[in-house]
Amino acid sequence: MRYKLTFVVGLALGFVVGTRAGRERYEQMKKSAQAFAQNPAVRNAAESAAQTGRQVAGKAAHVVGDKVGDRLPSSVTDRFHALSGRGANGKVEDDDWGTSNT
């Protein structure tokens, strides 16, 4: 429900801004947003936040998997380990997901 409400509010806001400001203002806002997104400081901050989020989520998944894994059938546990990047031996397998060359 929250996502639907957010979508409708965004749609209404976009409509109002678009009708009042016109195409020129829209192009100006679009250009400003693109310049902001291309700023190296913004890109570094976003990448850092994403990487921290992935690390925290990975640690939480490992903790939950370790605590709940003993109570689940082995087929479910094996599937969880495969999805979380750990092999059957429980070791984390490194990958290059989320790394960037920017």
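As the structure is a prediction and not an experimental result, all values here were calculated from the model.

A. The arrangement of the overall build of the protein in detail. Scanning the protein from terminus to terminus reveals three helices and zero strands. Scanning the protein from its N terminus toward the C terminus, one meets helices and strands in the order α-α-α. Here the protein, with 102 residues, has 7% of them falling under the buried criterion. Carbon and sulfur atoms make up 61% of the accessible area of the protein, which amounts to about 8,900 Å² in all.

B. Seen up close, helix α2 (residues 40-68). With 29 residues, α2 should cover 42 Å at 1.5 Å per step; its first-to-last C-alpha distance of 41 Å lies within 8% of that length. You can read the cap of α2 off the contacts: a side-chain oxygen lies 3.0 Å from the backbone nitrogen of Ala 41, and it is on Asn 39.

C. Fine view of the pattern of salt bridges. What the rule picks out here adds up to one salt bridge. Note that Glu 47 and Arg 54 form a salt bridge whose closest N and O atoms lie 3.5 Å from each other. The class of Glu 47 is partly exposed, set by a relative accessible area of 25%. Residue Arg 54 is classed as partly exposed on the basis of its relative accessible area, which comes to 38%.

D. Summary view of the environment of Val 17. Locating Val 17 in the fold gives a position in helix α1 (residues 2-38). Residue Val 17 is classed as partly exposed on the basis of its relative accessible area of 30%. When residues no more than four places from it in sequence are discounted, the contact partners of Val 17 are Gly 22 and Met 29.

Rules used throughout
- Residues numbered from 1 in each chain as written.
- Predicted model: local features only at pLDDT ≥ 70, side-chain atom pairs only at ≥ 80, totals over all residues.
- Heavy atoms only, no water.
- Helix = DSSP H or I, 4+ residues; strand = E, 2+ residues; numbered from the N terminus.
- Buried < 20%, exposed > 50% of the residue type's maximum accessible area, 1.4 Å probe, protein only.
- Areas by Shrake-Rupley, 256 points an atom, 1.4 Å probe, with all protein chains shown as cover.
- Expected span 1.5 Å × (residues − 1).
- Polar contact = N/O pair within 3.5 Å; in protein donor to acceptor, adjacent residues only side chain to side chain.
- Salt bridge = Lys/Arg side-chain N within 4 Å of Asp/Glu carboxyl O.
- Contact = heavy atoms within 4.5 Å.

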